[in-house]
Amino acid sequence: TTIMNKDFLNELGLADDNDGTSTGQRGMHNPDDHVKSTSPVDGALIGRVSSTTPGQYEDVIAQASDAFLYWRTVPAPRRGEIVRQYGEALRKHKDALGRLVSYEMGKSLQEGWGEVQEMIDICDFAVGLSRQLHGLTMHSERPMHRMYEQYHPLGIVGVISAFNFPVAVWSWNAMIALVCGDVVVWKPSEKSPLCGVACQNIWAKVAAANELPEGISSLVNGDYTVGQLLTRDTRVPLISATGSTRMGKAVAQTVAARLGKSLLELGGNNAIIITPSADMDLVLTGALFGAVGTCGQRCTSTRRLIVHEDRYEEVRDKLAAAYGQLRIGDPLDETNHVGPLIDEAAVETYLQAIEGIKAEGGTMVVEGGKLDGLGSNCYVRPCIAEVTPDSPMARQETFAPILYLMKYSYLDEAIEIQNSVPQGLSSAIMTADLRESERFLSATGSDCGIANVNIGTSGAEIGGAFGGEKETGGGRESGSDAWKVYMRRQTSTINYGRDLPLAQGISFNL
Ligand code: UN1
């Protein structure tokens with residue numbers, strides 16, 4: 001094994017022991033309780049991040065509340081200017097932050113850099129948005145009245161994010177929330193806490209350079225109990241949570257019980273329908289990257305291929321041959337395509353799923369298994385299984401590189417199979433037939449939040465609203481008009497006449 005140059009840790013201000021609770025808490029380590037960051041790349045302990053105590057949490061919320069009172073008075077385009085500077089700082093640290101993402105969570109370096117690029121792109125989007133937080137004007141039914149709506153900042157936005165996109169998902173939420181005039185409290189995944197500290201360190205510099213309170217965006221760390229402090233807190237009007245459906249159901253119930261708002265990005269079970277007219281080059285690239293990218297740990301990962309019977313053998317054999325070419329290993333080595341899973345528990349889940357496939361009568365087209373001698377116990381072989389459309393295993397989201405192949409005869413049947421799972425995030429059709437693609441995109445087509453034509457299921461651009469239906473949770477974040485969730489809408493009617501006519505034609509005279 002090569003000795004990796006770890007200068008990127010210094011560049012991002014990461015030490016062996018890190019503050020896990022930002023803003024005014026700097027230098028206040030919690031000596032009793034730490035989140036350890038262990039790299040799945042080489043099994044090394046990268047560093048420790050102190051857990052946030054309930055007392056420290058109170059301080060963070062107090063500072064966030066104070067910061068909000070100021071931040072909401074800063075004009076939105078000025079807030080955009082601060083986000084622009086954050087984007088500039090990200091450009092400067094793109095290489096280092098991409099390496100940290102790759103080293104701490106195990107995705108390929110290309111994808112680590114790509115993730116930072118998504119952050120830079122959402123900053124640019126948010127800067128433009130900061131001058132476009134428009135409401136509508138309506139015609140009043142009463143004479144000499146004007147009616148319009150405006151959007152005001154909401155308050156503290158709690159962001160709970162997952163390990164698989166340890167920096168980008170926070171930025172989609174935070175950069176939009178910041179231009180909207182909100183303040184942010186972020187709890188990153190316990191599996192990638194250093195990514196959170198690195199982003200906070202970059203923010204702290206931008207805030208200091210502009211003489212702004214760091215508490216406009218802050219960090220808390222720890223396990224789900226720290227997340228619960230946020231979800232139960234009536235001072236946090238919006239919780240944006242990304243992770244498993246199980247986690248999302250718990251968050252949704254807790255937030256709903258206090259009538260807070262939640263934005264949920266949960267599991268996916270994404271399929272590509274491959275029709276008779278599909279272009280095989282597009283199929284191979286789209287399916288391969290979708291299934292093995294991030295080692296199958298994207299919520300948008302391609303998990304099912306629903307293939308027309310006339311193309312089935314061809315797709316299966318070409319894909320199997322392509323899997324044979326995959327290079328699996330250290331993700332920081334740019335010649336590798338696939339890195340490790342996040343931890344040994346994920347490997348166990350992956351192995352159990354393969355057992356489950358065999359037990360239900362599925363056959364392996366490309367065998368899976370654990371790979372030894374690659375730096376840690378987290379490397380596995382991406383695999384392909386042939387199953388029937390009613391396979392129980394293929395209805396579950398296993399966060400690992402397992403691709404299910406199934407056959408169809410008619411498009412209606414393919415759409416029905418695609419929609420038959422509990423999740424509803426991303427979907428795609430490969431076709432040159434206009435009738436097929438329009439049918440797939442129609443009200444009777446895909447039931448997912450994302451429906452693509454001649455593109456795979458993963459790698460959505462930041463400009464669109466990102467999210468899905470059913471067990472995916474219904475939230476939309478990132479581009480389009482997703483910003484509206486981060487603000488409170490106010491409808492105002494103004495009477496500039498000398499009479500007070502009542503609406504609905506009611507007369508009320510003494
Ligand atoms: C996720 O896996 O939680 O569409 C987000 C994609 C990425 C984002 C995935 N832009 O694959």
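Preceding block: the structure.
Everything numeric here is computed off the predicted structure, so don't read it as measured data.

> Hey, could you run me through a negative patch on the surface in this one?
Taken together, the side chains of Asp-32, Asp-33, Glu-190 and Asp-223 present a region of like negative charge at the surface. With respect to the helices and strands, the residue Asp-32 is situated in the loop between β1 (17-18) and β2 (34-38). When its relative accessible area of 69% is taken as the criterion, Asp-32 is described as exposed.

> Before we go on, may I ask you to explain the site of the ligand in this structure?
As a matter of local geometry, the ligand sits amid Glu-118, Asn-164, Phe-165, Trp-172, Arg-298, Cys-299, Thr-300, Ser-458, Gly-459, Ala-460 and Phe-466. Glu-118 has a polar side-chain atom sitting 3.2 Å from a nitrogen atom of the ligand. Surface burial for the ligand is 99%, taken as the share of its 320 Å² of free accessible area covered by protein chains. Residue composition of the shell around the ligand, by class: five nonpolar, four polar and two charged.

> Please explain the environment of Phe-399 as it appears in this structure.
By secondary structure assignment, the location of Phe-399 is in the loop between β16 (383-386) and β17 (402-408). Counting along the chain gives 159 residues from Phe-399 to Ser-240, while the straight-line C-alpha distance between them is 21 Å. Ignoring anything within four residues of it in the chain, the contact list for Phe-399 reads Phe-163, Asn-164, Gly-296, Gln-297, Arg-298, Cys-299, Arg-303 and Leu-341.

> Can you walk me through the pairing of strand β20 (residues 450-453) in this structure?
The side chains of a regular strand alternate between the sheet's two faces. Burial along β20 is one-sided: the face carrying Ile-450 and Asn-452 is buried and the face carrying Ala-451 and Val-453 is not. By the bridge criterion, four bridges tie strand β19 (residues 426-430) to β20 in an arrangement that is parallel. The partner of Ser-426 across the bridge, within β20, is Ile-450. Once the chain exits β19 it traverses helix α14 (residues 434-441) before rejoining the sheet at β20, and the crossover so formed is right-handed.

> In this structure, what is going on with the pairing of strand β5 (residues 145-153)? I would like to understand it.
With two bridges connecting them, strand β4 (residues 137-138) and β5 associate as antiparallel partners. Looking across to β5, one finds that Met-138 is bridged to Met-147. Hairpin connection from β4 to β5: six residues lie between these consecutive antiparallel strands, with Met-144 at a positive phi of about 55°. The pairing of β5 with strand β24 (residues 487-495) spans nine bridges and is antiparallel.

> What exactly am I supposed to notice about the pattern of salt bridges here?
Where charged atoms of side chains with opposite charge meet at close range, the side chains can pair. Enumeration over the complete set of coordinates arrives at 21 salt bridges. Between Glu-314 and Lys-318 there is a salt bridge; the shortest N-O distance is 3.5 Å. Of this pair, Glu-314 and Lys-318 both sit in helix α11 (residues 312-324), separated by four residues, roughly a single helical turn. Classification of Lys-318 as partly exposed rests on a relative accessible area of 38%. A salt bridge links Asp-372 to Lys-370; its shortest N-O distance comes to 3.2 Å. Several salt bridges converge on common partners, so that one network encompasses Glu-58, Asp-233 and Arg-235.

> Please clarify how the packing of aromatic side chains should be interpreted in this entry.
Given two aromatic rings, their pairing is described by the distance between the two centres and the angle made by the two planes. By the definition in use, this model includes seven aromatic pairs. Centre to centre, the rings of Trp-170 and Trp-186 are 4.7 Å apart; their planes meet at 10°, and the pair counts as stacked. Of the two residues, Trp-170 is situated in helix α6 (residues 168-179) and Trp-186 in strand β7 (residues 183-187); the sequence distance between them amounts to 16 residues. Judged by relative accessible area, which is 1%, Trp-170 ranks as buried. Arg-146 extends its terminal NZ or CZ atom over the ring of Tyr-148, reaching a point 4.8 Å from the ring centre. Against the face of Tyr-312 rests Lys-407, its NZ or CZ located 4.9 Å from the ring centre.

> Teacher, can you tell me more about the sheet that holds strand β12 (residues 302-308) here?
Hydrogen bonds between backbone groups are what pair the strands of a sheet, and the pairing can be parallel or antiparallel. Taken in spatial order, the seven strands make up an open sheet running β13-β16-β17-β12-β11-β19-β20, and their pairing is mixed. Looking along the sheet, the strands with just one partner apiece sit at the ends: β13 (363-366) and β20. Across the sheet, the mean angle from the axis of one strand to that of its neighbour is 25°, orientation sign disregarded. Note: strand β11 (residues 270-274) against β19, four bridges, orientation parallel. Following the sheet pairing, Ala-271 is matched in β19 by Ser-427. The sheet contacts of α11 involve β11, β12, β13, β16 and β17, and relative to β17 the element is tilted by about 165°.

> Is there a simple way to explain the packing of helix α13 (residues 411-419) against α14 in this structure?
Helix-helix packing: each pair is described by the crossing angle between the helix axes and the interaxial distance. Relative to each other, α13 and α14 sit at 30°, their axes nearing to 11 Å. Taken together, the axes of α13 and α14 lie roughly parallel to each other. Read as a crossing pair, α13 and α14 show a hand that is right-handed. Residue-level inspection shows Leu-411, Asp-412 and Ile-415 of α13 in contact with α14, the latter providing Glu-436, Arg-439 and Phe-440. Classifying every residue of the contact of α13 with α14 by side-chain character gives three nonpolar, no polar and three charged.

> Where do I start with the nonpolar core in this structure?
A general trend in soluble globular proteins is that nonpolar side chains are found buried together. Tyr-86, Leu-97, Leu-100, Trp-170, Met-175, Leu-305 and Tyr-323 are the most contacted members of the largest nonpolar core, which totals 153 residues. When residues of this core are assigned to their parent elements, the largest contribution, 10 residues, is made by α6. The contacts of Tyr-323, once residues within four sequence positions are left out, are Leu-288, Ala-291, Val-292, Val-366, Pro-382, Cys-383, Ile-384 and Leu-403.

Analysis parameters
- Residues numbered from 1 in each chain as written.
- Predicted model: local features only at pLDDT ≥ 70, side-chain atom pairs only at ≥ 80, totals over all residues.
- Heavy atoms only, no water.
- Patch = residues over 30% accessible without salt bridge, like charges linked within 9 Å, V, L, I, M, F, W, Y side chains within 5 Å.
- Areas by Shrake-Rupley, 256 points an atom, 1.4 Å probe, with all protein chains shown as cover.
- Salt bridge = Lys/Arg side-chain N within 4 Å of Asp/Glu carboxyl O.
- Lys, Arg positive; Asp, Glu negative; His and termini not counted.
- Charge placed at Lys NZ, Arg CZ, Asp CG, Glu CD.
- Helix = DSSP H or I, 4+ residues; strand = E, 2+ residues; numbered from the N terminus.
- Buried < 20%, exposed > 50% of the residue type's maximum accessible area, 1.4 Å probe, protein only.
- Near = heavy atom within 4 Å.
- Polar contact = N/O pair within 3.5 Å; in protein donor to acceptor, adjacent residues only side chain to side chain.
- Nonpolar A, V, L, I, M, F, W, Y, C, P; charged D, E, K, R; others polar.
- Contact = heavy atoms within 4.5 Å.
- Pairing = 2+ DSSP bridges.
- Right-handed = clockwise from strand over helix to strand, strands pointing away.
- Phe/Tyr/Trp six-rings, centres within 6.5 Å; stacked < 30°, edge-to-face > 60°.
- Lys NZ or Arg CZ within 6 Å of the ring centre and 35° of its normal.
- Axes fitted to C-alpha atoms, helices over the stretch in contact; angles between N-to-C directions.
- Parallel < 35°, antiparallel > 145°, perpendicular 65-115°, else oblique.
- Left-handed = near helix turned anticlockwise from the far one by under 90°.
- Core = buried A, V, L, I, M, F, W, Y, C linked by side-chain atoms within 4.5 Å.

Function-wise, these values are silent; they only describe arrangement.
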